[in-house]
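The chain contents come next:
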Amino acid sequence: MIGGNKKKNAASATAPKVDLSGVNAHQNDLAAGTQFNQPIISGPENKPPQTKAIAKRVGLILVVVLILSGLGTVIYSAFFKKDPAPPPPPPPPKPVLTSIEIKGDQELKSLKYGDDYTVQVANSSYLVQVIRPPKRLFYNGKEVYRGEDLTSAVLSSDGKHWALQTNRQEQRSKRDENTKILQNTMVDVSTFLVDGQKWGERDVARLVDITNSGEPNFIQRTGKQTPSQYGLPLEEEVIYSGESKKFETSYGILSYQMSDDGSDWLATTANPSTKDVFDFFVNGVKKDSLDARIIKKISIDEDGNYLLGFCQQNADFGGVGLIGKDCQISVNGKTRTTIAGTVYLADVLGAKETYAGIDRELRQSFSKNSRLDLILEHRKDMEEDIATVLGIYLNQSGDKYALTTSRMVETTKNDGTKEVAYRLYLSINSEFIENDVDSPSLIKFGSGEEDETLFIYEIPKPDPVVTPVAPTPAS
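In what follows, the accompanying structure is described. Model, not experiment: these values are computed from the prediction.

1. Points about the overall build of the protein
Next, step 1: When its secondary structure is counted, the protein shows five helices and 32 strands.
Next, step 2: Taken over 475 residues, the protein has a buried fraction of 37%.
Next, step 3: The contacts in the protein between residues at least 6 apart in sequence include a share of 39% that link residues at least 24 apart.
Next, step 4: With the model as given, the accessible surface of the protein reaches about 29100 Å², and the carbon-plus-sulfur share is 54%.

2. Concerning unusual backbone geometry
Next, step 1: The step from proline 133 to proline 134 runs through a cis peptide bond, and the omega angle for that step is 0 degrees.
Next, step 2: A positive phi angle is found at valine 204, which is not glycine, with a value near 45 degrees.
Next, step 3: The residue valine 204 is located in the loop between strand S9 (197-203) and strand S10 (205-210) in this model.
Next, step 4: Phi angles above zero are rare outside glycine, and lysine 352 is one such case at about 60 degrees.
Next, step 5: With respect to the helices and strands, lysine 352 occurs in the loop between strand S23 (334-345) and strand S24 (356-359).

3. Re the side chain of asparagine 305
Next, step 1: In this structure, asparagine 305 sits in the loop between strand S19 (295-300) and strand S20 (306-313).
Next, step 2: A polar atom in the side chain of asparagine 305 sits 3.0 Å from the side chain of asparagine 332.
Next, step 3: With residues near it in sequence (within four places) discarded, asparagine 305 still touches Ser299, Ile300, Asn332, Leu349 and Glu353.

4. Remarks on the environment of threonine 249
Next, step 1: Mapping threonine 249 onto the fold places it in strand S13 (residues 244-249).
Next, step 2: A relative accessible area of 7% means that threonine 249 is categorised as buried.
Next, step 3: Each C-alpha atom of the pair threonine 249 and valine 238 lies 6.5 Å from the other, and the pair is eleven residues apart in sequence.
Next, step 4: Once residues within four sequence positions are removed from consideration, threonine 249 is found in contact with Glu235, Glu236, Glu237 and Thr269.
Next, step 5: There is a polar contact of 3.2 Å between the side chain of threonine 249 and the backbone nitrogen of tyrosine 251.

5. Description of the sheet that holds strand S12 (residues 234-241)
Next, step 1: Reading across the sheet, the four strands line up as S10-S11-S12-S13 and stay open at both edges, with antiparallel pairing between neighbours. Strands with a single pairing partner mark the edges of an open sheet, and in this sheet they are S10 and S13. Looking at each pair of strands side by side, their axes are set apart by 25 degrees on average, direction ignored.
Next, step 2: In this sheet, S13 lies alongside S12 in antiparallel orientation, the contact comprising five bridges. In the strand pairing of S13, tyrosine 240 is matched with lysine 245.

6. Description of the sheet that holds strand S31 (residues 441-445)
Next, step 1: One open sheet accounts for three strands, arranged S1-S32-S31; its pairing is mixed. Each edge of the open sheet is held by one strand with a lone partner, namely strand S1 (96-101) and S31. Between one strand axis and the next, the sheet turns through 20 degrees on average, direction left out of account.
Next, step 2: In the sheet, S1 pairs with strand S32 (residues 453-458) via six bridges, with the strands oriented parallel. When the bridges of S32 are listed, glutamate 101 appears paired with glutamate 458.

7. Considering the state of the cysteines
Next, step 1: Enumeration over the complete set of coordinates arrives at one disulfide.
Next, step 2: Shown here is the disulfide that connects cysteine 311 with cysteine 327, its sulfur atoms set 2.1 Å apart. Note on the cysteine 311 and cysteine 327 pair: the S-S dihedral is about 105 degrees, so by sign convention the disulfide is right-handed. Here the residue cysteine 311 occupies a position in strand S20, and cysteine 327 occupies one in strand S22 (residues 322-331), the gap between them amounting to 16 residues.
Next, step 3: Note on cysteine 311: relative accessible area 1%, which makes it buried.
Next, step 4: According to the relative accessible area criterion, cysteine 327 is buried, its value standing at 3%.

Parameters at a glance
Position numbers for residues start from 1 in each chain and track the written sequence from start to end. Local features in a predicted model are, by the rule used here, given only for residues with pLDDT of at least 70; side-chain atom pairs are given and counted only at 80 or more, and totals for whole chains, interfaces and linings are based on all residues. Side-chain numbers come from the whole structure's heavy atoms, not from hydrogens or water. Only DSSP runs of H or I reaching four residues or more are called helices, and only runs of E reaching two or more are called strands; each is numbered from the N terminus. Relative accessibility under 20% of the residue-type maximum defines a buried residue, over 50% an exposed one, and the middle range a partly exposed one, all with a 1.4 Å probe and only protein chains included. Only heavy atoms matter for contacts: two residues are in contact if any of them lie within 4.5 Å across the pair. With residues, only the protein chains shown are counted as cover, and all accessible areas are computed by Shrake-Rupley using a 1.4 Å probe. A 3.5 Å cut-off defines polar contacts: any pair of N or O atoms within that distance qualifies, except that in protein one atom must be a possible hydrogen donor and the other a possible acceptor, and neighbouring residues in sequence count only when both atoms are side-chain atoms. Pairing between two strands is assigned when DSSP locates at least 2 bridges connecting them. Axes here mean lines fitted to C-alpha atoms, for a helix over just the part in contact, with angles spanning 0 to 180 degrees between N-to-C directions. Cysteine sulfur atoms that pair up within 2.5 Å are treated as a disulfide.

Below, the structure is given as structure tokens:
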């Protein structure tokens, strides 16, 4: 064994040496390449997760998503989403009828309305002025004044205020400016009472209206006169609302109307050149002059709009609102309609320049230029009795108009006897309305909060006469 080793060692000693530097270098390159490609061979090196960084990224992503979602919703709503269908309009409120019995004293029932006394109505209030001596005034059934000096009375549009005028003659002394002579003259002095309290006195004045705030409106003569081309001189007059002067003219005021609060008003005055023309003013501004021969209707609403009705002919019928035949209706100076037949026109000019009336010959009602045939009940009244009386009424809102036909009809009682009774048919916006009216009454829509209510005011009538029955003689 030992010898064998010696031989081997000897052989090794004698064998040539081999250079291994290149092999070593190759191995080194191979090791470096293996290390460089280790991620490809074995996959990426797993490092411990960074929790805070990941949570931050996730939160940022969520914020971006929410913002984009909100923007998307806004864009969709603005450009693509349809508006929800509007709810259907609520049905108009049904008309309300309210009956009011006009009361006074016992004697009032025996007097004739229109001849012996007059009535003004507004909402649930009324004012009765007895013209026949003894003169007196009733407000809502209560006597508020009695005296032969009572001249006139007015009721506010809401019915909450009333005013009256009394007159007396008073001697005044005045020195003539030219002759310096002291002269005695008699002056007509007017005293105004508002809601029962003395408001003031004015010389040569007349009460014409009262506002809803309780300010009396009156017209006062100044004593100055203007010559005219048709004989009599014209009187200078001034319109006052309370203590405030509203309008002054040298030619005399013929008519005056105002809105409920007195802020809008109109007036007609005489024209110094001819009696055939009226000068016309709205809120102090002069408008086109009016033909005095054919002007039949003037009214003003709460916004200062004004209506004029001209008719070429008079009508043979009667009724509330009758203005004539062959008529032209204009609002704010612009012609709105012409009607050849007999025209009835409501006193009120409603909101949005709404007017209402009746064309008798065509058996139609109209609101502005919208026409409807009268309901059957009205047409039958007019066909069966030429004496049928018509009436037309409009509320301030302009959305309701009432039409009435009334006449005396003969009825047969259960016992076979016949009697003649008063009957009134009523419609509102062409819809028949049941009512209990059995005698001539005043009808008017309310104002303000009562605008939707149609008030029916029962005119006083005599108590029924009861005939005593004679006792049957004993057999």
